[in-house]
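# Examining the three-dimensional arrangement
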Amino acid sequence: MERKKGLFIIYLLAEIIGGILASIFIYFIFGNIAHLGANAPNYTDFSIYGIVGIEILASALLMLVILIVVYTKGLKNFGGIAIGAIIGLDIFLFGLISGASMNPARSLAPAIVSGYYFDLWIYLTAPFIGTSIVALLLRNKFYSNLI
């Protein structure tokens, strides 16, 4: 278990560092246009509750597809297509509402580099809530595959 915890920390740091490096690259190529892609919720048409709820839903849908692909034998060859499709669908359906981040590291990096920290709390909390809900609901479904 200790090895898995160490790998998780390494993965998390690698994702954040990679996002920061990518944001710095974009900054030097294009400048600070659109805050380097930092997420911005649509307060004009939606309430904060709707925005947070949509971000939770988008993250939950992504986690659901990831778990199904990982733990269903017949779908492993289609993992990239299924996960890419749900990311695209989430962005298409929810992007204009919440920004459809679904990934705290993806939101953190452009916020750090561009200095656009407004509403970052949404993108640091909602994905954890959405993915945790799916994990709790499906923990018994996939538990036998973990042993």
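Heads up: these notes are all about the structure in this document. This is a predicted model, so every value here is computed, not measured.

So, on to the overall build of the chain. Helix and strand counts for the chain come out as 5 helices and 0 strands. Secondary structure elements in the chain, listed N-terminal to C-terminal, are α-α-α-α-α. With the principal axes as the frame, the chain shows a C-alpha extent of 50 × 35 × 25 Å. For the chain, the residues scored as buried account for 32% of the 147 residues in total.

This part is about helix α2 (residues 48–71). An ideal rise of 1.5 Å per residue puts 34 Å on 24 residues; α2 measures up with 34 Å between its terminal C-alpha atoms. Within the span of α2, buried status applies to I51, V52, I54, E55, I56, A58, S59, A60, L62, V65, L67 and V69.

Our focus in this paragraph is the nonpolar core. For soluble globular proteins, the rule of thumb is that nonpolar side chains tend to be buried together. Counting 16 residues, the largest nonpolar core has F94, M102 and I122 as its most contacted members. Looking at this core, the elements that each hand over two or more residues are α2, α3 (79–94) and α5 (120–146). Counting residues per element, this core draws most heavily on α2, which supplies 8 residues. Leaving out residues up to four positions away in the same chain, M102 has contacts with E55, A58, S59, L62, I87, D90, I91 and P127.

With that settled, consider the environment of I122. Within the secondary structure layout, I122 lies in helix α5. Residue classification places I122 among the buried positions, given a relative accessible area of 0%. The sequence separation of I122 and I56 amounts to 66 residues, and the corresponding C-alpha distance is 9.3 Å. Once residues within four sequence positions are removed from consideration, I122 is found in contact with P41, Y43, I48, I51, V52, E55 and P127.

Our focus in this paragraph is a nonpolar patch on the surface. Together, F8, I9, Y11, L12, L13, I17, L21, I24, Y27 and F28 make up an exposed nonpolar region whose accessible area comes to about 1,000 Å². Inspection of the secondary structure puts L21 in helix α1 (residues 2–30).

With a phi angle near 50°, A34 is a residue other than glycine that sits in the positive phi range. Along the chain, the position of A34 falls in the loop between α1 and α2. Of note in this structure, M102 is not a glycine but carries a positive phi near 65°. By secondary structure assignment, the location of M102 is in the loop between α3 and α4 (104–114). Among the residues examined, M102 registers a relative accessible area of 10% and is labelled buried.

Rules behind the numbers
Residues numbered from 1 in each chain as written. Predicted model: local features only at pLDDT ≥ 70, side-chain atom pairs only at ≥ 80, totals over all residues. Heavy atoms only, no water. Helix = DSSP H or I, 4+ residues; strand = E, 2+ residues; numbered from the N terminus. Buried < 20%, exposed > 50% of the residue type's maximum accessible area, 1.4 Å probe, protein only. Expected span 1.5 Å × (residues − 1). Core = buried A, V, L, I, M, F, W, Y, C linked by side-chain atoms within 4.5 Å. Contact = heavy atoms within 4.5 Å. Patch = residues over 30% accessible without salt bridge, like charges linked within 9 Å, V, L, I, M, F, W, Y side chains within 5 Å. Areas by Shrake-Rupley, 256 points an atom, 1.4 Å probe, with all protein chains shown as cover. Salt bridge = Lys/Arg side-chain N within 4 Å of Asp/Glu carboxyl O.

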